[in-house]
Amino acid sequence: MIKVLFFAQLRESLSCAELSINLNDPKFASTLKSAFTLEQLREQLANTDETWQLNMQNGKLLMAVNQTIVNGEHILQDGDEVAFFPPVTGG
Amino acid sequence: MISVQTHDFDMATEYHALLTNTDSTINSADGAVVTFVGLVRDYNQGNHVQGLTLEHYPGMTEKALEDIVLNARAKWPLGKVRVIHRVGQLNLSDQIVFVGVTSKHREAAFEAAQFIMDFLKNRAPFWKKENTDLGTRWVEAEVKDEIAQQRWD
């Protein structure tokens, strides 16, 4: 299982704070023949419906795996914690 | 030391702590202390602001701040470093963030404090939602903050 978290305006737009994704799910079968990347997960999530497409294809989104910011080429492993979020605005 | 907290902090207490070693003796090795406090301002991105809510990513926030401090320590000879960032509901003029750095000499302390703030603005997972005269809205990230970070490349 992979835990997927969403924050701030992204969480509100999707009405979703957290998802669990089972990599053995048949819908991932085609991609699982090779390594499953973060970008592939993003595309998979974008295919959910129009709202998800609009929000998950936003080029400004940041992505983190196990609480470190990484790019789309990052290969996901079972047990990873993935997060998608908008540019940060603290300080 | 890093703290992410809902409650306020006291500048005098933090300043005193920066001048005190972990074994309670006086930190007499450092001749420079630089502190920065960020506050909730009444006007932002074209609207009057009444207050804001700060959301964060628990766990990653602390990790991101630790990384920023480690990077600062790799660049400058620093004594003590303290970062506090508040989360939750904040009102006008409330303190949001504290950065305190000590060093033997002022140059390192000034630069390291600025470096930590520049990276915190771009890399630490905090998000502000403002209450303005036109309702609530998420604050947009600003290009000037990205440029400020790039000066350290």
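Analysis parameters
- Residues numbered from 1 in each chain as written.
- Chains lettered and ligands numbered in written order.
- Predicted model: local features only at pLDDT ≥ 70, side-chain atom pairs only at ≥ 80, totals over all residues.
- Heavy atoms only, no water.
- 1 Å grid on protein atoms, 1.4 Å probe; cavity = no way out; pocket = protein on both sides within 12 Å on 5 of 7 lines; lining within 4 Å.
- Points joined across faces, edges and corners; volume = space filled by probe spheres on them.
- Helix = DSSP H or I, 4+ residues; strand = E, 2+ residues; numbered from the N terminus.
- Nonpolar A, V, L, I, M, F, W, Y, C, P; charged D, E, K, R; others polar.
- Salt bridge = Lys/Arg side-chain N within 4 Å of Asp/Glu carboxyl O.
- Phe/Tyr/Trp six-rings, centres within 6.5 Å; stacked < 30°, edge-to-face > 60°.
- Buried < 20%, exposed > 50% of the residue type's maximum accessible area, 1.4 Å probe, protein only.
- Lys NZ or Arg CZ within 6 Å of the ring centre and 35° of its normal.
- Pairing = 2+ DSSP bridges.
- Contact = heavy atoms within 4.5 Å.
- Axes fitted to C-alpha atoms, helices over the stretch in contact; angles between N-to-C directions.

Each pocket or cavity is described by its volume, and for the largest pocket that value is around 1,200 Å³. Around the largest pocket, the lining comprises 47 residues; the ones closest to its centre are V88 and T89 of chain A together with A141, E142 and D145 of chain B. Contributing elements (two or more residues each) for the lining of the largest pocket: helix 1 (8-14) of chain A together with strand 2 (32-39), strand 3 (43-44), strand 4 (47-56), helix 3 (106-123), strand 8 (126-132) and helix 4 (143-150) of chain B. Here the residues of the lining of the largest pocket are counted per class, giving 22 nonpolar, 13 polar and 12 charged. By volume, the second largest pocket amounts to about 170 Å³. Lining the second largest pocket we find Q67, T68 and I69 of chain A together with M60, K63, A64, D67, I68, N71, F119 and R123 of chain B. Broken down by secondary-structure element, the contributors of at least two residues to the lining of the second largest pocket are strand 4 (68-69) of chain A together with helix 2 (60-75) and helix 3 of chain B. The leading source of residues in the lining of the second largest pocket is helix 2 of chain B, at 6 residues. Among the residues forming the lining of the second largest pocket, the class breakdown is 5 nonpolar, 3 polar and 3 charged.

Right, let's get into the pattern of salt bridges. Summed over all chains, the structure comprises 10 salt bridges over all chains. A salt bridge links E12 of chain A to K129 of chain B; the shortest N-O distance between them is 2.6 Å. One end of the pair, E12 of chain A, is in helix 1; the other, K129 of chain B, is in strand 8, on a second chain.

The next point concerns the packing of aromatic side chains. Per the counting criterion, the structure on display carries 12 aromatic pairs over all chains. A ring pair is formed by F85 of chain A and Y57 of chain B, whose centres lie 6.4 Å apart and whose planes are at 70 degrees; its orientation type is edge-to-face. Taken as a pair, F85 of chain A in strand 5 (residues 81-85) and Y57 of chain B in the loop between strand 4 and helix 2 lie in two separate chains rather than in one. No difference in accessibility class separates F85 of chain A from Y57 of chain B, as the two residues are buried. In this structure an aromatic cluster arises from ring pairing among F7 and F85 of chain A together with Y57 and W127 of chain B. One cation-aromatic arrangement involves K75 of chain B over W76 of chain B; the distance from NZ or CZ to the ring centre is 5.7 Å.

Two pairing modes exist for strands in a sheet, parallel and antiparallel, and in both the strands are linked by backbone hydrogen bonds. All names here are of chain A. On the basis of which strands lie adjacent, the open sheet formed by 5 strands has the order 2-1-5-3-4 and mixed pairing. A single partner strand is all that each edge strand has here, and the edge strands are strand 2 (18-21) and strand 4. Direction of pairing for strand 3 (residues 62-65) relative to strand 4: antiparallel, over a ladder of 2 bridges. Residue pairing across strands places A64 opposite I69, the latter belonging to strand 4. Packing of helix 3 (residues 38-46) onto the sheet brings it into contact with strand 1 (2-6), strand 2, strand 3 and strand 5, and relative to strand 5 it is tilted by some 60 degrees.

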